[in-house]
Amino acid sequence: MTDLPEIAPAVTLETRPFWDATAEGRLILPRCNACSTVIWYPRLFCPSCASDDVSWVDAAGTGTVYSFTVVRKGQGPFAPAAPYVLAYVELDEGPRVMTNIVGCRPDDVTVGQRVVVTFADTGEATALYRFRPADR
Amino acid sequence: MTHPLRGQSAIVGAVDAVSPTGSLDRTASQLEVDMVRAALDDAGLSIRDVDSVISTSGMMASLDLAERMGVRGRYTDTTMTGGSSFEVHVEHAAAAISAGYCEVAVIVYAATPRSGKNPFAGGPSMGGDLPFLEWDLPYGFGLPASSYSLAARRHMHEYGTTSEQLAEIAVAFRAWAAKNPNAYRRDPISVDDVLASPMVAEPLHKLDCCLVTDGAGALVMTSAERARDLRRSPVYVLGAGTAHTHGMSISQMPDLTTSGAAVSGPNAFAMAGVRPADVDVVELYDSFTITALMTLEDLGFCAKGEGGAFVEGGRLGPGGDLPTNTNGGGLSYTHPGMYGMFVLVEAVRQLRGEVVDRQVAGAEIAVANGCGGVLSCTSTIVLGTESTL
Ligand SMILES: [Zn+2]
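Scope of this entry: the structure provided in the associated data block.

Residue and element names in this part refer to chain B. Counting buried positions along strand 8 (residues 235-244) gives eight out of 10 residues, so the element sits mostly inside the fold. As paired elements, strand 1 (residues 9-17) and strand 8 share two bridges and run antiparallel to each other. Its bridge partner being in strand 8, I11 is matched across the sheet by V235. With eight bridges joining them, strand 8 and strand 11 (residues 377-384) adopt antiparallel strand pairing. Bridge assignment links G241 to a residue of strand 11, and that residue is T380.

Here is the structure:
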């Protein structure tokens, strides 16, 4: 088992501010000024009320494991990293994001576990938001 | 009041091609034409009768296929919703035929992931700024099993569903496959066999996951009126419904334990004027055991969360109360990437009473449920024999 690869995301003009923030170690989220919905995945349009009045706000970077899997058979660049944890983390602001849980053994992850964001530099002016258990 | 489209169109030709080796040794284009010809022959129609070609295997797929066959169509559809595409096609064709846009529609699918090129490599659907590439892929979301395992884990967490219960589904479908000489996997398996198979993405084992085989199939549809003059007993489209909840990112699924079948199912049943209790045979998309379990709940065969207990005791298998995936399903019969075609073909075969060892006696109402993407888009078709009109 090796460390997880740092795959650079396919950044768009719309999501550039989000990824620029990750490179500085900050997690930001788009929030609708009309209805206060915190939007995920990031887009400058509110799927709840159809407003395009959206601002970026700082996220706490904390959340809870909503579901997860221990991938035993990874594909492509992830093959040597298996077993690794793919998870769906519910941020305290509401959105659920696809991510990895790192910093603990896969068998120690549980649904409902509290987690904190950690960033992994991709070398392309972006960083992947991963999460580690809050208690370590 | 009876829905105006209920029973107005019928499936009059249905064929498929699979191989005991998993490989068909024909190109996908060859297989498409083979299937169209065989389905028309099954119906007692010819290529000259066709005025609508419906297919989904690539850019302008239906136009290229029609050109290859010398068909100039007046209605076409290339809707791509993953594995549920063919149920959506049946829904669209039923509406188009009833509205007079076309009279004889062929719906076709072929893929050769085992012997040929992976149908999901490249392709027009993978370009552009898909959210999936930005928000899911960097975390290792490479194998479909990973996303389905997230749903399975959540279902277990919320409802206490167990790996043993999921395994019961694989065991039941394998028991049906044992009765199907064309199934890819026919050796009986036990719950312990499923649990002992290698873990792919926890909690899903290898035997919780569908096959990778070549496969092809086609359907012919026409109006109820014309159907009565054809070779085979018509299988009428009684109801249809489609629902999608998200695209290719399972992170956008509103509730990991509920698929769109909770909407498409009730809508299709309402249109058909039947209840789940009226259904004689169920054919559903079993990409993974969890897909089958959630679908049974969402269609209303049991309450949400009770699927685990519901599938125990061989209920879905031969001799069970709810015969399901009587060809062996995507888990044991065939799975070329988009299994929805085979769901429909088997439903038609059961309602025609033409299968031998695995025939559900007296089957008059069947449900065919497709599920495409990553639990993204479901489409439910309720089919019935002449006696159900
Ligand atoms: Zn809003």
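The next subject is unusual backbone geometry. Cis geometry marks the peptide bond from W40(A) to Y41(A), where omega comes out at -5°. Tracing the backbone through its elements, the reader meets Y41(A) in the loop between strand 1 (28-32) and strand 2 (54-58). Omega for the bond connecting A82(A) with P83(A) falls within 30 degrees of zero, at 0°, which places this linkage in the cis form. Looking at where P83(A) falls in the secondary structure, it is placed in the loop between strand 3 (62-71) and strand 4 (84-91). Positive phi values are uncommon outside glycine, yet N325(B) reaches one of about 55°.

One key point about sheets: their strands pair by backbone hydrogen bonds, in either a parallel or an antiparallel sense. Residue and element names in this part refer to chain B. Across the sheet, which stays open at both edges, the nine strands sit in the order 3-2-4-7-1-8-11-10-9 with mixed pairing between neighbours. The sheet is open, and its two edges are formed by strand 3 (75-77) and strand 9 (281-284), each paired on a single side. Recorded for the sheet is a direction-independent mean angle of 20° between the axes of neighbouring strands. Packed onto the sheet, helix 3 (residues 85-99) meets strand 1, strand 2 (52-55), strand 3, strand 4 (104-111), strand 7 (215-223), strand 8, strand 10 (365-372) and strand 11 and runs at close to 170° relative to strand 4. Taken strand by strand, helix 13 (residues 340-352) contacts strand 1, strand 4, strand 7, strand 8, strand 9, strand 10 and strand 11, and its axis lies near 115° from that of strand 1.

Looking now at the interface of chain A and chain B. Each partner contributes to the interface: chain A provides 34 residues, whereas chain B provides 31 residues. Counting each side, the surface lost to burial between chain A and chain B is near 2900 Å², with a carbon and sulfur contribution of 60%. Along the contact surface separating chain A from chain B lie one salt bridge. Here R72(A) makes a salt bridge to E202(B), at a shortest N to O gap of 2.4 Å. Elements with a minimum of two residues in the side of chain A that touches chain B: helix 1 (16-23), strand 3, strand 4, strand 5 (96-101) and strand 7 (127-133) of chain A. Ranked by residue count, the leading element in the side of chain A that touches chain B is strand 3 of chain A, at six residues. Of the residues contributing to the side of chain A that touches chain B, the split by class is 22 nonpolar, seven polar and five charged.

Here is what the cut-offs are and how they apply
- Residues numbered from 1 in each chain as written.
- Chains lettered and ligands numbered in written order.
- Predicted model: local features only at pLDDT ≥ 70, side-chain atom pairs only at ≥ 80, totals over all residues.
- Heavy atoms only, no water.
- Buried < 20%, exposed > 50% of the residue type's maximum accessible area, 1.4 Å probe, protein only.
- Helix = DSSP H or I, 4+ residues; strand = E, 2+ residues; numbered from the N terminus.
- Pairing = 2+ DSSP bridges.
- Axes fitted to C-alpha atoms, helices over the stretch in contact; angles between N-to-C directions.
- Contact = heavy atoms within 4.5 Å.
- Buried area = accessible area lost by both parts, 1.4 Å probe.
- Salt bridge = Lys/Arg side-chain N within 4 Å of Asp/Glu carboxyl O.
- Nonpolar A, V, L, I, M, F, W, Y, C, P; charged D, E, K, R; others polar.

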